[in-house]
Amino acid sequence: MKVLDNDSTWMKGSNAMFILSNHSATVEIYPFFWTYNGVYQYERNVYSPQLKDYRDLVIYTPPSYYENPFKIIDNVLIMHDGQNLFNTSTAFLGNAWLCQNTIDELVQEGQMKEIVIIGVDNDSNRTNELTYSYDPSEKTGGDGKRYLDFIQETVIPYVQSKYRIKTQRINLGMLGSSLGGLISCYAGWTRSNIYSKVGCMSSSFWWNNEDFNNIVMMQSTPPQDTIFYLDSGNAGIDDDDVVQTQRVRDHFLKDGFQMGSNLFYYLDNGGQHNERYWGARFHVPMTDLYPPRAIPAN
């Protein structure tokens, strides 16, 4: 279904699709017609009582957000390493993912739903915060639970108080790369009551003798309506941990997850462990995790 404005301009984005249980139903559509690009803006110096420090957030809102002030965005994606997501002037070595360009294009082409991204900046304690266990070989790690508490107890309520978003389990996802991929997978596995989908790109599954695969995944399995996306390259330093990622993938399959349903895996042939490759394939998890779908009508 598409809305036509003044018999001349079709709404942008994917078709509005509904599942009708009766011959008649009431549906709500919040179209947008004129805006092609989303925007990102900063929320500075958000205090974390869990981490005892201040953190900047970067918030991406999709094309319809400011054009249609009645629309509440259904899908919210938490991402780590916020400095690297949108802005080349703050990104590591100047290589930003440019998430906004990928999402704007996919939304206009009708290939994904609109989402809000909450990017959480890292700091000098990044390795500690993005790991849930101490790794003796690295002599660091283990603050991941407090970092996830910060996101759950402080970041999400803070952003919800200022932006039109929904934050029930079905609305929340988390995605990151490297150690950010590791903590995202950990959050999806251990906090599946909070997050319904997670993206784990080039995840550092080597951490602490692969304890995510060997210890964490041996504990209780999350519900099958939790969706996981895994990927890696196979080139560069340590071949981007492709072997460790495939071991985790196989563990998911052994636990009953179904490829193409609640488990997605992508191998970036020739991909390496850096922002250039993560940004270039960011469209893959977006279309896997946020495809346009029909929703039940009232």
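Analysis parameters
- Per-chain numbering applies: the sequence of each chain, read as written, is numbered from 1 onward.
- The predicted origin of the model limits local features to residues at a pLDDT of at least 70 and limits the giving and counting of side-chain atom pairs to 80 or more, whereas totals for whole chains, interfaces and linings rest on all residues.
- Side-chain figures throughout are based on the complete set of non-hydrogen atoms in the structure, without hydrogens or water.
- The numbering of helices and of strands both runs from the N terminus, where a helix is a DSSP run of H or I of at least 4 residues and a strand a run of E of at least 2.
- Any N or O atom pair separated by 3.5 Å or less is treated as a polar contact, with the protein-specific requirement of one donor-capable and one acceptor-capable atom, and with residues adjacent in sequence counted only for side-chain atom pairs.
- Take the buried residues of types Ala, Val, Leu, Ile, Met, Phe, Trp, Tyr and Cys, join any two whose side-chain atoms come within 4.5 Å, and each joined set is a nonpolar core.
- Working definition: with a 1.4 Å probe on protein chains only, accessible area under 20% of the residue-type maximum means buried, over 50% means exposed, and in between means partly exposed.
- Contact criterion: two residues are considered in contact whenever any of their non-hydrogen atoms come within 4.5 Å of each other.
- Think of it this way: a Phe, Tyr or Trp ring, Trp meaning its six-membered ring, pairs with another when their centres are within 6.5 Å, and the plane angle makes it stacked under 30 degrees, edge-to-face over 60, tilted otherwise.
- For cavity detection a 1 Å grid was placed over the protein atoms alone, and a set of points counts as a cavity when a 1.4 Å probe fits there but cannot get out; an open set counts as a pocket when protein lies on both sides within 12 Å along at least five of seven lines, with lining residues being those that have an atom within 4 Å of a point.
- Grid points are joined across faces, edges and corners, and a volume is the space filled by probe spheres set on the points.
- Gly falls in the polar group here, along with every residue not listed as nonpolar (Ala, Val, Leu, Ile, Met, Phe, Trp, Tyr, Cys, Pro) or charged (Asp, Glu, Lys, Arg).

Peer 1: What am I meant to see in the environment of N214 here?
Peer 2: Note that N214 resides in helix α6 (residues 207-214). The sequence separation of N214 and V248 amounts to 34 residues, and the corresponding C-alpha distance is 9.1 Å. Only 3.1 Å separates the side chain of N214 from the backbone oxygen of N209, close enough to count as a polar contact.

Peer 1: Quick question: what am I supposed to make of the nonpolar core here?
Peer 2: Nonpolar side chains in soluble globular proteins tend to end up buried together. The biggest cluster of nonpolar side chains holds 46 residues, and the ones touching the most others in it are I78, Y195, F212 and F252. Among residues more than four places away in sequence, those in contact with F212 are Y132, L182, C185, Y186, W189, F205, M217 and V248. Grouped together as the second largest cluster of nonpolar side chains are 25 residues, I103, L106, I117 and I227 included.

Peer 1: For this particular structure, what's the right way to read the packing of aromatic side chains?
Peer 2: Here the distance between the centres and the angle between the planes together describe a pair of aromatic rings. Applying the stated criterion to the full structure yields 18 aromatic pairs. Judged by centre distance (6.3 Å) and plane angle (45 degrees), the ring pair of Y65 and Y163 falls under tilted. Taken together, the residues span a long stretch of sequence, with Y65 in helix α1 (residues 64-67) and Y163 in the loop between α4 (144-162) and β8 (172-177) at a distance of 98 residues. Ring geometry for Y132 and Y186: centres 4.3 Å apart, planes at 10 degrees, overall stacked.

Peer 1: Any chance you could explain the layout of surface pockets here in plain terms?
Peer 2: Gaps between atoms show up when a probe of the same size as a water molecule is rolled over them. Roughly 320 Å³ of volume is contained in the second largest pocket. Lining the second largest pocket are 17 residues, with N84, F92, R126, E275 and W278 sitting closest to its centre. Classifying every residue of the lining of the second largest pocket gives 5 nonpolar, 9 polar and 3 charged.

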